[in-house]
Amino acid sequence: MSDEPKIPKGDSTRVVSAGRRKEWTQGIVNTPVWRASTILYDSVADLRTAGGRDTHHRLFYGRKGTPTQWSLADALTELEPGAEGTFLYPSGVAAIAAALLSVLVPGDDLLLPDSAYDPTRSMATGLLKRMGIATRFYDPLIGAGIADLIADKTRAILMESPGSLTFEVQDVPTIVAAAKARGVVTLLDNTWATPLFFPAIAHGVDLSILACTKYVVGHSDVMLGSVTAAPGHFARLRDTSFQLGQVASPDDCWLGSRGLRTMAIRLKQHESSALQIAHWLSQQPEVATVLHPALATCPGHDHFVRDFKGSSGLFSFVLNGGSEASRAALIDGLEHFGIGYSWGGFESLALPVDPQRYRSVTRRADAGPIVRLQIGLEDPADLIADLAAGLARFAALR
C-alpha cells in the first residue's frame, strides 16, 4: 500500500539498486546501452513541443542523454542524501571545469587548497586566469581561518579532502559554515572517499565532484566524471554543462553503472588491505611517515575520525632519507605494483610524487622522497612482501 513506510536502504543496497527505473531497464537487470545522436519525432508538432519543454529525462537529442546516462546520474544522486541532481562528464577534470564555470564569472575570486590536484591548479592558473577569474591558494588545514580569506569578490571555495599526494584532511563542516555565512558556494573533490565514506551534500557542500574514472568504474578502463548538486545549484550546473557541449558517452556510462554495483564491496577490500599495509609501513625503519588519513600521523586525522565512515585504498609514505635514485630503485623493482597515474582500479600502483613542486603557500620539510600507493585487490601479504623487497633495495642505495 502507498501509505506503508518504505524499507530503509543501506549504502550497499543503494549502489545495487539506484538508478534502475523499470521504464529504463525494461525487464533487464542492467539499463541497456542506448546510443543516439538523432532522435526522431512523429510530426513537426511533436518536434516543436519537444523543443519547448524540459529535456531532463526526455529523449530530445543525443547530447541531452539517453536512459543509459540518466540511470548512472540518478544512481549517483541517490548516493548523496539531500542532493537535487547529477551531471556526467567525459573525465574528472571536465567535471571540475564545468562545476567551477557554473559558479564563477569574470571578476570573481576562487579559494583553492594548496594541496589540490595538479590539473585543478593548472585550470585555475590557466583557463580561469585568462577569463579574468582570480585564484588564491590556502593552507588545506586552515579550518575556521578560511573566514579571514573570504573577500567581497570571493564566489567559491573548492576543497579536496584528503588532498592529492599528501592527504591532508580538511575541516569541511567548518569551511562550509564560513562560506554559507558569506553566501559563498562550496565545491568538494570527493573522489578519494566517494559518497559512501563521506556524504558531501549531507555535510553542507553545494557541489560534490567525482572522478568516476576511479572507484565508480573500478577497472582502469574508462574516463568519466560527475558533479552532484545540492538543491538550488543543479539548474545552473546543467545549463552550463549543456552550453559547454559536455556529454559522457553511453558506453562509458554503462561501464560506470556496472562498476558502481560492486563499489561498496570493493571499497571495503581496498580499505582493509590499505590499512594493513599502511600499518606495516609505519613500522619499517626505512619509512619516516605514513600519510594515510586513518593514521594519527596524517595531518587532519582528527577531522577524518569525526567526519568519515571509512577510508579508501590510496595513500602516501615518506621515506627516511634517500635520493631520487634510491626511490626509483624501490619502485622499479616492484612486481605487483604498476607504475602509472590514476587509481581506484583492481590493480596496485606505485608512483613517485614531489608535492613541493605544486605548492605556493605551504612548505614541506619531508625527511625524504615520497611514494604514493594505490592498493588494489591483490593479496595484501603479497603486496607487503613486494614492498619489503623494495625497501631493501632503497636501503642498499640510501
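Quick look at the structure, then. (Residues numbered from 1 in each chain as written. Predicted model: local features only at pLDDT ≥ 70, side-chain atom pairs only at ≥ 80, totals over all residues. Heavy atoms only, no water.)

With that settled, the discussion passes to the sheet that holds strand S12 (residues 370-374). Pairing in this open sheet of 5 strands is mixed, and the strands run S8-S9-S12-S11-S10 from one edge to the other. Each of the sheet's edge strands pairs with one partner strand only, and the pair in question is strand S8 (287-291) and strand S10 (337-338). Taken together, the 2 bridges between S10 and strand S11 (residues 348-353) define a ladder with parallel strand orientation. Of the residues in S11, the one forming a bridge with glycine 338 is leucine 349. (Pairing = 2+ DSSP bridges. Helix = DSSP H or I, 4+ residues; strand = E, 2+ residues; numbered from the N terminus.)

We now examine unusual backbone geometry. Cis geometry marks the peptide bond from serine 161 to proline 162; its omega dihedral reads 0 degrees. You can see proline 162 is positioned in the loop between strand S4 (154-160) and helix H7 (172-181). Despite not being glycine, phenylalanine 167 has its phi angle at roughly 65 degrees, a positive value. Relative to the elements of secondary structure, phenylalanine 167 occurs in the loop between S4 and H7.

Turning next to the state of the cysteines. Counting across every chain of the model gives 0 disulfides. No disulfide involves cysteine 212; its sulfur sits 8.6 Å from that of cysteine 253, the nearest cysteine. Judged by relative accessible area, which is 0%, cysteine 212 ranks as buried. Residue cysteine 253 is classed as buried on the basis of its relative accessible area of 0%. (Disulfide = S-S within 2.5 Å. Buried < 20%, exposed > 50% of the residue type's maximum accessible area, 1.4 Å probe, protein only.)

Among the secondary structure elements, threonine 120 is positioned in helix H6 (residues 118-130). Beyond its immediate sequence surroundings of up to four residues, threonine 120 is in contact with Ile96, Leu112 and Leu158. (Contact = heavy atoms within 4.5 Å.)

In this section: the environment of alanine 388. Counting through the fold element by element, alanine 388 comes out in helix H14 (residues 380-397). Look at alanine 388 and you get partly exposed, because its relative accessible area is 32%. Once the C-alpha coordinates of alanine 388 and lysine 268 are considered, the two residues, 120 residues apart in sequence, prove to be 24 Å apart.

Next up on the list: the pattern of salt bridges. Under the definition given, this model contains 16 salt bridges. With a shortest N-O distance of 2.8 Å, arginine 364 and aspartate 366 are connected by a salt bridge. The class of aspartate 366 is partly exposed, set by a relative accessible area of 31%. Here the salt bridges share partners, and the residues they tie into one network are Glu168, Arg359, Arg364 and Asp366. (Salt bridge = Lys/Arg side-chain N within 4 Å of Asp/Glu carboxyl O.)

Here we take up the sheet that holds strand S6 (residues 207-210). Ordered in space as S1-S7-S6-S5-S4-S2-S3, the 7 strands form an open sheet in which the pairing is mixed. Lying at the two open borders of the sheet, with one neighbouring strand each, are strand S1 (85-89) and strand S3 (134-138). Strand-to-strand, the axes of this sheet are offset by a mean angle of 20 degrees, without reference to chain direction. Relative to S3, strand S2 (residues 109-113) runs parallel, the two being bridged by 5 bridges. The residue bridging leucine 110 from the neighbouring strand is threonine 135, located in S3. Each of S4 and strand S5 (185-189) is contacted by H7, which is oriented at about 175 degrees to S4, the strand it contacts most. (Axes fitted to C-alpha atoms, helices over the stretch in contact; angles between N-to-C directions.)

With that settled, consider the nonpolar core. The nonpolar side chains of a soluble globular protein tend to be buried, and buried together. Counting residues in hydrophobic clusters, the biggest one holds 54 residues, and the most contacted among them are Leu76, Ile157, Met159, Trp192, Leu224, Leu260 and Met263. By residue number, the principal contributor to this core is H7, which donates 5 residues. Setting aside residues up to four positions removed in sequence, methionine 263 forms contacts with Leu79, Thr194, Leu196, Tyr215 and Val216. The next biggest cluster of nonpolar side chains, apart from the first, holds 31 residues, and it includes Ala97, Ala156, Ala229 and Leu237. (Core = buried A, V, L, I, M, F, W, Y, C linked by side-chain atoms within 4.5 Å.)

So, about the packing of aromatic side chains. Applying the stated criterion across every chain, the model contains 8 aromatic pairs. Their ring planes at 75 degrees and their centres at 6.4 Å tell us that tryptophan 192 and phenylalanine 304 sit as a pair that is edge-to-face. Here tryptophan 192 is found in the loop between S5 and helix H8 (194-197), whereas its partner phenylalanine 304 is found in helix H12 (residues 301-307), with 112 residues between them in sequence. With a relative accessible area of 4%, tryptophan 192 lands in the buried category. You can call phenylalanine 304 buried: its relative accessible area is 9%. Note on tyrosine 215 and tryptophan 343: the rings are 5.5 Å apart at their centroids and 65 degrees apart in plane angle, and the pair reads as edge-to-face. Taken together, the residues tyrosine 215 in the loop between S6 and strand S7 (225-229) and tryptophan 343 in the loop between S10 and S11 connect sequence positions 128 residues apart. For the pair formed by tyrosine 215 and tryptophan 343, the shared burial category is buried. Through successive ring pairs, a cluster of aromatic residues spans Trp192, Phe198, Phe304 and Phe308. Cation over ring: lysine 64 sits above phenylalanine 242, and NZ or CZ is 4.6 Å from the ring centre. Over the aromatic face of phenylalanine 137 sits the side chain of arginine 121, whose NZ or CZ is 4.0 Å from the ring centroid. (Phe/Tyr/Trp six-rings, centres within 6.5 Å; stacked < 30°, edge-to-face > 60°. Lys NZ or Arg CZ within 6 Å of the ring centre and 35° of its normal.)

Geometric descriptors of this kind do not, in isolation, establish any biological role.
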